[in-house]
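Summary of structural features
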Amino acid sequence: MIGELATEVFYQLNLGRRGANKSESIHFSLDDFGTGFSSLTYLQRLLVDLLKIDLTFFKDMLEKPDDRAIVRGIIGLATAFNRQAIVEGVETTAHGTQLLEMGFELAQGYGTARPMPAAEIPRWIVQWKPDLAWSK
């Protein structure tokens, strides 16, 4: 019931976005895409800007071809619907490298930064350098 109510509220907010100037509107991400309530129906009905791919789909992709196929499929869906995609939980250079080779440019996880207070973010932005493997 709570999930359905939250989804309805989200849907109503999206109705207000239709026809609005996207640069001036609220931007939404569809978290944990492909799991639970984050289904294809919501991709079709809601005006989300970004698909956040749950780490369960990619954490074993280096060893499991089926996991790589799911991630590639989600990239294809994001492209078809003119959305960006981000993978959450990227913790290793190898995973980051594989995702770059698959066309991802956005990632979230310990591979880029550990959680930090907001006041530390400007310093991190200045100092952060991508892994050399990601610069090829």
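Heads up: the structure comes first, above all this text.
Residues numbered from 1 in each chain as written. Predicted model: local features only at pLDDT ≥ 70, side-chain atom pairs only at ≥ 80, totals over all residues. Heavy atoms only, no water.

1. Here's the deal with the overall build of the chain
The secondary structure content of the chain amounts to 5 helices and 4 strands. Put simply, the chain runs from its N terminus to its C terminus through helices and strands in the order α-β-α-β-α-β-α-β-α. A burial count over the chain gives 32% of its 136 residues as buried. When contacts within the chain are restricted to residue pairs at least 6 apart in sequence, long-range pairs at least 24 apart make up 49% of them. Here the chain has roughly 8,800 Å² of accessible surface; of this, 58% comes from carbon and sulfur atoms. (Helix = DSSP H or I, 4+ residues; strand = E, 2+ residues; numbered from the N terminus. Buried < 20%, exposed > 50% of the residue type's maximum accessible area, 1.4 Å probe, protein only. Contact = heavy atoms within 4.5 Å. Areas by Shrake-Rupley, 256 points an atom, 1.4 Å probe, with all protein chains shown as cover.)

2. Some words on the pairing of strand β3 (residues 84-88)
Most of β3 is tucked away: 4 of the 5 residues are buried. Relative to β3, strand β2 (residues 50-53) runs parallel, the two sharing 4 bridges. Bridge pairing in β3 places Leu 50 opposite Gln 84. In terms of handedness, the path from β2 via helix α3 (residues 65-80) over to β3 forms a crossover that is right-handed. Where the polypeptide runs from β3 across helix α4 (residues 93-101) and back to strand β4 (residues 107-108), its parallel neighbour, the crossover connection is right-handed. (Pairing = 2+ DSSP bridges. Right-handed = clockwise from strand over helix to strand, strands pointing away.)

3. Focus: the nonpolar core
By size, the foremost hydrophobic cluster in this structure holds 16 residues, and its most contacted members are Ile 53, Phe 58, Met 61, Val 71, Val 87, Leu 99 and Phe 104. Elements represented by at least two residues in this core include exactly β2, α3 and β3. For this core, the leading source of residues is α3, giving 4 residues. (Core = buried A, V, L, I, M, F, W, Y, C linked by side-chain atoms within 4.5 Å.)

4. Observations concerning α4
Turn by turn, an α-helix covers 3.6 residues, leaving residues three or four places apart pointing in a common direction. If you check which residues of α4 are buried, you get His 95, Gly 96, Thr 97, Gln 98 and Leu 99. Elements in contact with the buried residues of α4: α3 and β3. One or two residues past the end of α4 sits Gly 103, with phi positive at roughly 105°.

5. Some points on the side chain of Lys 52
For Lys 52, the position within the fold is in strand β2. Polar contacts involving the side chain of Lys 52 include one to the side chain of Gln 108, which spans 3.2 Å. (Polar contact = N/O pair within 3.5 Å; in protein donor to acceptor, adjacent residues only side chain to side chain.)

6. Points about the packing of aromatic side chains
For the coordinates displayed, the defined rule picks out 1 aromatic pair. Its guanidinium or amino end placed over the ring of Tyr 110, Arg 114 lies 3.8 Å from that ring's centre, counting from NZ or CZ. (Phe/Tyr/Trp six-rings, centres within 6.5 Å; stacked < 30°, edge-to-face > 60°. Lys NZ or Arg CZ within 6 Å of the ring centre and 35° of its normal.)

7. Regarding unusual backbone geometry
Not every positive phi belongs to a glycine, and Asn 82 is a case in point at roughly 55°. Looking at where Asn 82 falls in the secondary structure, it is placed in the loop between α3 and β3. Residue classification places Asn 82 among the exposed residues on the basis of a relative accessible area of 70%.

8. With respect to the environment of Ile 53
Structurally, the position occupied by Ile 53 is in strand β2. When the C-alpha positions of Ile 53 and Gln 108 are compared, they lie 10.0 Å apart, and in sequence the two are 55 residues distant.

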